There are 2 protein chains.
Amino acid sequence: MGILVVGSVAFDSIQTPFGSHEEILGGSASYFSLAASYFTDVHIVAVVGEDFPDKYFEFFQKKGIDTSALGREKGKTFRWKGEYGFDLNTAKTLRTDLNVFSDFAPKIRPEHRNLDYLFLGNIDPDLQRSVLEQMARPRLVACDTMNYWIEHKPEALRRTLSLVDLLIINDAETRELAREPNLIRAARTILGWGPQTLVVKRGEYGALMMNSKSIFGAPAFPLEEVYDPTGAGDSFAGGLVGYLAATGGLDDAALRRAIVFGSVMASFNVSEFGTNRLAELTYPEIEARYREFRRLTHFDDI
Amino acid sequence: MGILVVGSVAFDSIQTPFGSHEEILGGSASYFSLAASYFTDVHIVAVVGEDFPDKYFEFFQKKGIDTSALGREKGKTFRWKGEYGFDLNTAKTLRTDLNVFSDFAPKIRPEHRNLDYLFLGNIDPDLQRSVLEQMARPRLVACDTMNYWIEHKPEALRRTLSLVDLLIINDAETRELAREPNLIRAARTILGWGPQTLVVKRGEYGALMMNSKSIFGAPAFPLEEVYDPTGAGDSFAGGLVGYLAATGGLDDAALRRAIVFGSVMASFNVSEFGTNRLAELTYPEIEARYREFRRLTHFDDI
């Protein structure tokens, strides 16, 4: 039972107009796992260096996250340094040190191969596919990617996308991937390549889900305090896939609820630095915000 | 019964990547009136020049729009020339010739002073207030403005806002007006200056309504074909105020439905050049799209 997530675990150094933090826990797999851990079991596949402290292993485990495939290798942990301007919309990468992550070749343990839900975080599409090939037969394969792979490994990415059920990317990536400025036409193009469903993340503007049967649009939760958008996309994916894995549904109604749970987790995540807010949530808070989302978006028939 | 709208009637010349049109009917009062005319009676207060053809008076009248206060003055009609890039998000103004509009001093006819609904299109805030002072006691005063007045007549604008019930502006204007980058905090600041309700237009990202009791967010209708965003904001306002005037409701549920009707009218408007689509709509098409909006945005409780 549960989700296998493959991605990065990193130390982030983040500068925003509201403060700076040095070498805090980050990475796509960290944010995804923490968000998903409120819904179901999570098994993390990633690599860290010798400098990665035991306390973070313990932190993950306390959240019910299985770290048996979080390998510690000779060398240093992946480090990312980024800066946000006053609008907090786009991160400027100041420095990336891949360190042990540059040789990451995920090997899936036998006891993980039968997991039903797989999230392929934003890594080399060839590695994403190698993970997929090691799995028995997941019910749902969800996947993220980024402009770097769209530009540098377009063919490998297309091969991976042909095997994916649910693609979760942002609006700029959607347009770039399809080479089409209209978002809806871009989405239709991508849906022709394999994914049954595309979820487009739009930051402070919410999310849009498209498949052959349905379009669903959700605004972002309106927040008066946004401190650090790092990990918002992975928290969103963690809430989304976490909810699907916990409930077993994959129909349109389940996907809609899942997207709202994703939006809920992203909204909590950005309201404090790093993983601080995801570390201390309670499930009743999550459910309460889900219901606030309904009050935010619903209106009567005529 | 009905709405009094004060604003501009103009000839627009529009260049987009999908084509160019010269000197077509435009202006805030034109778009607003056409959109609102599907819901209720509209009385237009504006000025045009001697070059404004009779066929446009007839066109308005055929739509049930009262043109008795659409004055024809010596001189030429207001002209605007603008250009949109491939993303269609922001217009670049190439040329503005105010012509007869530069001396516009709206005088409200006695038979219009008792109208219950007033829309103050984007004109000089001192003129907006002079219109308000000529009215008996409207049930609802809705108002638009723009960055030019925020920057050049901030005090006159604040005086006008103190008399307005419903302010309908875009997100950049909201932030600039409140001098606050966070949209929700900016909205709260503006609500402290007089308006009971603020509606923030976000273009392709939809709209957000805020008042002291409620927040409502609606995505824009996803469109595969967007040709010309000119007039989208005024079509939105026309649908919104038109629906409120037609039904008489001003409670939270009515405002939510009104915002969706505004979004419906804006989505139709941008799908063809100029006022072409608004000229040929049917009310069943409007209702059908309202219901599509519900399918787009609704999700089940947990």
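About the thresholds
Residues numbered from 1 in each chain as written. Chains lettered and ligands numbered in written order. Predicted model: local features only at pLDDT ≥ 70, side-chain atom pairs only at ≥ 80, totals over all residues. Heavy atoms only, no water. Helix = DSSP H or I, 4+ residues; strand = E, 2+ residues; numbered from the N terminus. Rg over C-alpha atoms; globule rule 2.2 N^0.38 Å. Buried < 20%, exposed > 50% of the residue type's maximum accessible area, 1.4 Å probe, protein only. Contact = heavy atoms within 4.5 Å. Lys, Arg positive; Asp, Glu negative; His and termini not counted. Charge placed at Lys NZ, Arg CZ, Asp CG, Glu CD. Buried area = accessible area lost by both parts, 1.4 Å probe. Salt bridge = Lys/Arg side-chain N within 4 Å of Asp/Glu carboxyl O. Polar contact = N/O pair within 3.5 Å; in protein donor to acceptor, adjacent residues only side chain to side chain. Pairing = 2+ DSSP bridges. Axes fitted to C-alpha atoms, helices over the stretch in contact; angles between N-to-C directions. Right-handed = clockwise from strand over helix to strand, strands pointing away. Least-squares fit on C-alpha atoms with pLDDT ≥ 70 in both. Phe/Tyr/Trp six-rings, centres within 6.5 Å; stacked < 30°, edge-to-face > 60°. pLDDT = per-residue confidence, 0-100.

A. Summary view of the overall build of chain A. Secondary structure assignment for chain A yields 11 helices and 13 strands. What you see for chain A is a C-alpha radius of gyration of 18 Å, in line with the 19 Å of a compact globule of 302 residues. Taken along its principal axes, the extent of the C-alpha atoms in chain A is 65 × 40 × 35 Å. Evaluated residue by residue, chain A yields a buried proportion of 59% over its 302 residues. Taking all contacts inside chain A whose residues are at least 6 apart in sequence as the whole, residues at least 24 apart take part in 63%. Here chain A carries 33 positive and 41 negative side-chain charges, and the mean point of each set is 4 Å from the other.

B. Representation of the interface of chain A and chain B within the structure. Each partner contributes to the interface: chain A provides 37 residues, whereas chain B provides 37 residues. Summing both sides of the interface, chain A and chain B together bury roughly 3,800 Å²; the carbon and sulfur share of this comes to 54%. On inspection of chain A and its partner chain B, the count reaches 12 salt bridges. Inspection of the chain A/chain B interface yields 31 residue pairs in polar contact (both at pLDDT 80 or more). Those elements that place two or more of their residues in the side of chain A that touches chain B are helix H6 (171-178), helix H7 (183-191), strand E13 (215-218), helix H9 (252-269) and helix H11 (283-297) of chain A. Examining the composition of the side of chain A that touches chain B, we find that 8 residues originate from one element, H11(A), more than from any other.

C. Layout of the sheet that holds strand E12 (residues 207-211) of chain B. Residues and elements named next belong to chain B. Read across the sheet, 9 strands follow the order E5-E4-E1-E8-E9-E10-E11-E12-E13 without closing on themselves; strand pairing throughout is mixed. Only two strands of the sheet have a single neighbouring strand rather than two, namely strand E5 (65-72) and strand E13 (215-218). Neighbour-to-neighbour, the strand axes of this sheet turn through a mean angle of 15°, independent of strand direction.

D. Region of interest: the pairing of strand E8 (residues 117-120) of chain B. Residues and elements named next belong to chain B. Side-chain alternation along E8 places Tyr 117 and Phe 119 on one buried face and Leu 118 and Leu 120 on a second face that is also buried. Pairing of strand E1 (residues 3-6) with E8 involves 4 bridges; the strand directions are parallel. Bridge pairing in E8 links Leu 4 to Leu 118. Between the parallel pair E8 and strand E9 (residues 140-143), the chain is carried across by helix H3 (residues 125-134), and the sense of this crossover is right-handed.

E. Structural view of the pairing of strand E12 (residues 207-211) of chain A. All names here are of chain A. With 5 of 5 residues buried, E12 is to be regarded as a mostly interior element. By the alternation rule, side chains of E12 split into Ala 207, Met 209 and Asn 211 and Leu 208 and Met 210, which are all buried. Bridging between strand E11 (residues 197-201) and E12 involves 5 bridges; their strand directions are antiparallel. Residue Val 199 lies in a different strand from E12, and its bridge partner there is Met 209. The hairpin turn running from E11 into E12, its antiparallel successor, is 5 residues long, and Gly 203 in that turn takes a positive phi close to 55°. With 4 bridges joining them, E12 and E13 adopt antiparallel strand pairing. Each bridged residue has a counterpart across the sheet, and for Met 209 the counterpart in E13 is Phe 216. From the end of E12 to the start of E13, which pair antiparallel, there are 3 residues.

F. Here's a closer look at the relation of the copies chain A and chain B. Once chain A is rotated about the relating axis by 180° and shifted along it by 0.0 Å, it coincides with chain B to within an RMSD of 0.0 Å. Accordingly, the operation relating the two chain copies is best matched by a two-fold axis. A shared interface surface links the copies, since 100% of the contact residues of chain A are contact residues in chain B too.

G. How the structure looks around the side chain of Ser271(B). All names here are of chain B. Note that Ser 271 resides in the loop between helix H9 (252-269) and helix H10 (276-279). A polar side-chain atom of Ser 271 sits 2.7 Å from the main-chain carbonyl oxygen of Phe 268. What Ser 271 contacts, discounting residues up to four positions off in sequence, is Glu 225, Tyr 227 and Arg 277.

H. Geometry of the side chain of Asn269(B). Residue and element names in this part refer to chain B. In this fold, Asn 269 is placed in helix H9. Exposure remark for Asn 269: the relative accessible area of 0% places this residue in the buried category. Residues within four places of Asn 269 in sequence aside, it is in contact with Tyr 31, Asp 228, Thr 230, Gly 231, Ala 232, Ser 235, Gly 274 and Leu 278.

I. Fine view of the packing of aromatic side chains. One pass over the full model with this rule turns up 35 aromatic pairs over all chains. Residues Phe299(A) and Tyr290(B) carry aromatic rings whose centres are separated by 5.5 Å and whose planes lie at 80° to one another, so their mutual orientation is edge-to-face. Pair noted here: Phe299(A) is in the segment after H11 and Tyr290(B) is in helix H11 (residues 283-297), and the two residues belong to different chains. In this pair, the class of Phe299(A) matches that of Tyr290(B), namely buried. Seen in terms of ring centroids, Phe32(B) and Phe119(B) are 4.1 Å apart; in terms of plane orientation they differ by 5°. Their pairing is stacked. Remark: Phe119(B) occurs in strand E8 and Phe32(B) occurs in helix H1 (residues 28-36); sequence separation between them is 87 residues. For the pair shown, Phe32(B) and Phe119(B) are each scored as buried.

J. Structural detail: the confidence of the model for chain A. Looking at chain A as a whole, the pLDDT averages 96, with 100% of positions reaching at least 70. Scoring of the predicted complex yields 0.95 for pTM and 0.93 for ipTM.

K. Examining the pattern of salt bridges more closely. All names here are of chain A. All chains considered together, the criterion is met by 36 salt bridges over all chains. A salt bridge links Glu 23 to Arg 79, with the shortest nitrogen-to-oxygen separation between them at 2.7 Å. Of this pair, Glu 23 sits in strand E3 (residues 19-26) while Arg 79 sits in strand E6 (residues 79-84), and the two are 56 residues apart along the sequence. We classify Arg 79 as buried; its relative accessible area is 14%.

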